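Notes for the structure review
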Amino acid sequence: MGHGHGPLKVDPAIERFDIMRENAYLHFRWTPRTVKTAIFGFIVFPVATYYIADRYYRHWNWVGKLKGESLTVYKSQ
């Protein structure tokens, strides 16, 4: 009657991976790759996101527009 397969088997490779990930911050080193990733992730990407958001803030106006009317607030020169 439904004896099952016993307790869950523990995979040693998965356990080693878990321990490695839990202790990754202890073995962190600044390398050229980690410096590039940090500069991109903490400086370049936020600045680019801010620039795009600031550049196009209130660029389009969707309120009360009819079919065929332009959505742009500022007229192109």
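Preceding block: the structure.
Everything numeric here is computed off the predicted structure, so don't read it as measured data.

What follows covers the overall build of the protein. From N to C terminus, the protein includes two helices and zero strands. Among the 77 residues that make up the protein, the fraction classed as buried is 3%. As displayed, the protein offers around 8200 Å² of accessible surface, 64% of which is attributable to carbon and sulfur atoms.

With that out of the way, let us pick up the packing of aromatic side chains. Scanning the entire structure with this criterion turns up two aromatic pairs. The ring of Tyr-56 is capped by Arg-55, whose NZ or CZ atom sits 5.3 Å from the centre of that ring.

We now examine a nonpolar patch on the surface. A cluster of nonpolar side chains, namely Phe-28, Trp-30, Val-35, Ile-39, Phe-40, Phe-42, Ile-43, Val-44, Phe-45 and Val-47, defines an oily patch on the protein surface of about 1100 Å² accessible area. Relative to the helices and strands, Phe-45 resides in helix α2 (residues 32-55).

Here we come to a negative patch on the surface. Negative charge collects at one region of the surface, where Asp-11, Glu-15, Asp-18 and Glu-22 lie side by side. Relative to the assigned elements, Glu-22 resides in helix α1 (residues 12-22). Among the residues examined, Glu-22 registers a relative accessible area of 56% and is labelled exposed.

Definitions and limits used
- Just so you know, the residues in each chain are numbered from 1, in the order the chain's sequence is written.
- Only residues with pLDDT of 70 or above have their local features reported here, since the model is predicted, and side-chain atom pairs are shown and tallied only from 80 upward, although totals for entire chains, interfaces and linings are computed over all residues.
- In computing side-chain properties, one takes all heavy atoms of the structure into account and sets aside hydrogens as well as water.
- Labels follow the DSSP assignment, with helices taken as runs of H or I lasting at least four residues and strands as runs of E lasting at least two, numbered in each case from the N terminus.
- Exposure classes here rest on a 1.4 Å probe applied to the protein chains alone. A residue is buried below 20% of its type maximum, exposed above 50%, and partly exposed in between.
- Accessibility throughout is a Shrake-Rupley quantity obtained with a 1.4 Å probe, and a residue counts as covered only by protein chains that appear here.
- Pairing of aromatic rings covers Phe, Tyr and Trp, the last counted by its six-membered ring, and requires centre-to-centre distances within 6.5 Å; plane angles under 30 degrees mean stacked, over 60 mean edge-to-face, and any other angle means tilted.
- Whether a charge sits over a ring comes down to the Lys NZ or Arg CZ being within 6 Å of the ring centre and within 35 degrees of the ring normal.
- Patch members must show over 30% relative accessible area and no salt bridge, and they are joined within 9 Å when carrying like charges or within 5 Å when they are nonpolar side chains of Val, Leu, Ile, Met, Phe, Trp or Tyr.
- When a carboxyl oxygen of Asp or Glu lies within 4 Å of a side-chain nitrogen of Lys or Arg, that pair is called a salt bridge.
- In this count, Lys and Arg are taken as positive residues and Asp and Glu as negative ones, while His and the chain termini are left out.
- Working definition for charges: the position is that of NZ of Lys, CZ of Arg, CG of Asp or CD of Glu.

Geometric descriptors of this kind do not, in isolation, establish any biological role.
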